[in-house]
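Fold and geometry: a report
Listed below, chain by chain, are the residues.
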Amino acid sequence: MYYPRLIDSYLLEWASRKTHKPLLLRGARQVGKSTAIRHLAENFENFVEINFEKQASYKSLFNGRDLDVKKTISQISAIAGKCVEPGKTLLFLDEVQACPEAIMSLWFFKEDLPELHVVAAGSLLEFALEDLPSFGVGRIHSMFMFPMTFDEFLVANGEQLLMEARNNSTSSDPLAHPLYEKLVGLMRTFMLVGGMPEVVAKWVETHDYIACQEAQDDIVVTYEDDFPKYRKKIEPTLLRLTMRSVAVQATKKFVYSAIGGNYKAAEIKKALDMLTKAGIVIPVTHSNANGLPLESEADTSYQKMLLLDTGLMLRLLNMTTGDISELTEHILTSDVSDLVNKGPMAEIIAGLELLHYRTPNIRHELYYWQRHAKNSQAEVDYISSYRQTVLPIEVKAEKQGGMKSLWMFMREKKITNAIRCSLENFGAFDYEDNKDGGTLRHVHICPLYAISQMDGMLKKVFYPPTYPLKNQT
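Now for a description of the structure that goes with this document. These figures come from a predicted structure and were not determined experimentally.

**Here we look at the overall build of the protein**
When you go through the protein residue by residue, the secondary structure sums to 18 helices and 13 strands. The globule rule puts the C-alpha radius of gyration for 473 residues at 23 Å, and the 24 Å found for the protein is close to it. In terms of overall dimensions, the protein has a C-alpha envelope of 75 × 75 × 45 Å along the principal axes. When each of the 473 residues of the protein is scored for burial, the buried share is 51%.

**Here's the deal with the side chain of His117**
Mapped onto the elements, His117 comes out in strand 4 (residues 117-122). Under the relative-accessibility criterion, His117 is labelled buried at 5%. Among the polar contacts made by the side chain of His117, one reaches the main-chain carbonyl oxygen of Ala15 at a distance of 2.8 Å. With sequence-adjacent residues up to four places away left out, His117 is seen in contact with Trp14, Ala15, His20, Phe44, Thr89, Leu90 and Leu91.

**With respect to a negative patch on the surface**
Taken together, the side chains of Glu198, Asp208, Glu214 and Asp218 present a region of like negative charge at the surface. Relative to the assigned elements, Asp208 resides in the loop between helix 9 (197-206) and helix 10 (209-226).

**Thoughts on the environment of Met313**
Locating Met313 in the fold gives a position in helix 13 (residues 310-321). Residue Met313 is classed as buried on the basis of its relative accessible area, which comes to 1%. Placed 48 residues apart in sequence, Met313 and Asn361 show a C-alpha to C-alpha distance of 26 Å.

**Quick look at the packing of aromatic side chains**
Tallied over the entire structure, the rule returns 13 aromatic pairs. Look at Trp107 and Phe108: their rings are 5.1 Å apart centre to centre, the planes differ by 75°, and that puts the pair in the edge-to-face class. Relative accessible area serves as the criterion here: at 22%, Phe108 is assigned to the partly exposed category. Ring centres of Phe150 and Phe190 lie 5.5 Å apart, and the angle between their planes is 55°; on these two criteria the pair is classed as tilted. Of this pair, Phe150 sits in helix 6 (residues 150-156) while Phe190 is found in helix 8 (residues 177-193), placing the two residues 40 residues apart along the sequence. Taken as a pair, Phe150 and Phe190 share a single burial class, namely buried. Above the plane of the ring of Tyr382 lies Lys304, whose end atom (NZ or CZ) is 5.8 Å from the centre.

Cut-off values and rules
- Residues numbered from 1 in each chain as written.
- Predicted model: local features only at pLDDT ≥ 70, side-chain atom pairs only at ≥ 80, totals over all residues.
- Heavy atoms only, no water.
- Helix = DSSP H or I, 4+ residues; strand = E, 2+ residues; numbered from the N terminus.
- Rg over C-alpha atoms; globule rule 2.2 N^0.38 Å.
- Buried < 20%, exposed > 50% of the residue type's maximum accessible area, 1.4 Å probe, protein only.
- Polar contact = N/O pair within 3.5 Å; in protein donor to acceptor, adjacent residues only side chain to side chain.
- Contact = heavy atoms within 4.5 Å.
- Patch = residues over 30% accessible without salt bridge, like charges linked within 9 Å, V, L, I, M, F, W, Y side chains within 5 Å.
- Areas by Shrake-Rupley, 256 points an atom, 1.4 Å probe, with all protein chains shown as cover.
- Salt bridge = Lys/Arg side-chain N within 4 Å of Asp/Glu carboxyl O.
- Lys, Arg positive; Asp, Glu negative; His and termini not counted.
- Charge placed at Lys NZ, Arg CZ, Asp CG, Glu CD.
- Phe/Tyr/Trp six-rings, centres within 6.5 Å; stacked < 30°, edge-to-face > 60°.
- Lys NZ or Arg CZ within 6 Å of the ring centre and 35° of its normal.

Structure (structure tokens):
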């Protein structure tokens, strides 16, 4: 069964364009790239799929300097026994990293056969592209795919009506308590199951956490089995240690020395870079955030690292520390305040959700802020932007008094609007900052289970609806 994905609409829009570039779908292994493309193929008369790892004989069709794509297409049609016809056929080149010549051929498809819909994907694609520095500039369109979001998880579990009720809720008209409780319960489950499509499908089928953990373990082993393929670039043991250390250090400033093994900082940095390119690790970089773009004041010497999926992170923790039963119990039974404020899960979910709901057409970065003054522990979990404005996002469940870092940041940067992500119901509050001449600051509560609605919430904040004045008679 196919579970709808957010990227479906972007893929369909690409396919419907009169003029389109060859498409490169990029992302970590097993996030659902091939399945999404096969779903897209239902909109075409014909579908031809080539997997270069399973069907190595196809590689010879792409060899040679002077590639004639029309001839190549004719040969593919003959071998596949299906007609590859521009405008009617979707050609899918899977595991394309195994055939660099096929990656380069996308350039020729754009030049010589622009009417044909060609999609390429691969699990270790970034490393192949790194070896092709001049590849496809201006002639290839990329999209980036991630594990399933909480919204996609809700849809897979048949909770569309619950989503609709959530989407219609506001700070002035919050969710009814039974619906709120149900969403919090589903968020707890999502923290444990995560968003890897195979694991979500297992949960929908069985509602068995143990069965899901077995599927997660298989994915982790698959990732680690890939590491020898990086051998020319970096030692597999270091990659394994680094990935597991990311799980242990999640939401903290990443400390190289915690990895062990007497590796040099330059080696560990390279390992992190490899894991980031593979889509397994998501860096969150410090920015002074005095203005936009945030990247202009980024400091990569201060980074937090997130795993791409909370479910996989828990399995890695179990493999590393040997027992996560206490953490699992905490996720399932803690009150909402403890669940958000104690432990890393809420902060990780917030960061991943912020990333996953953004347009897939470009590579996005995550940022945070920390005050580096001596004896200062002030930190804002995420810094984003909205309509040319710096937007702080704090993951907390406490009341105003527990948000000193946020108030400090807003005061220093002269900001009047912020977001608090928590497991509260929808809401908002104002804070009169007496340390800044009584400036009124506004905090808008965007629940963790509604991060997909943040953009709509902010539109109402920055562009409130206007109403015609009543006649003064």
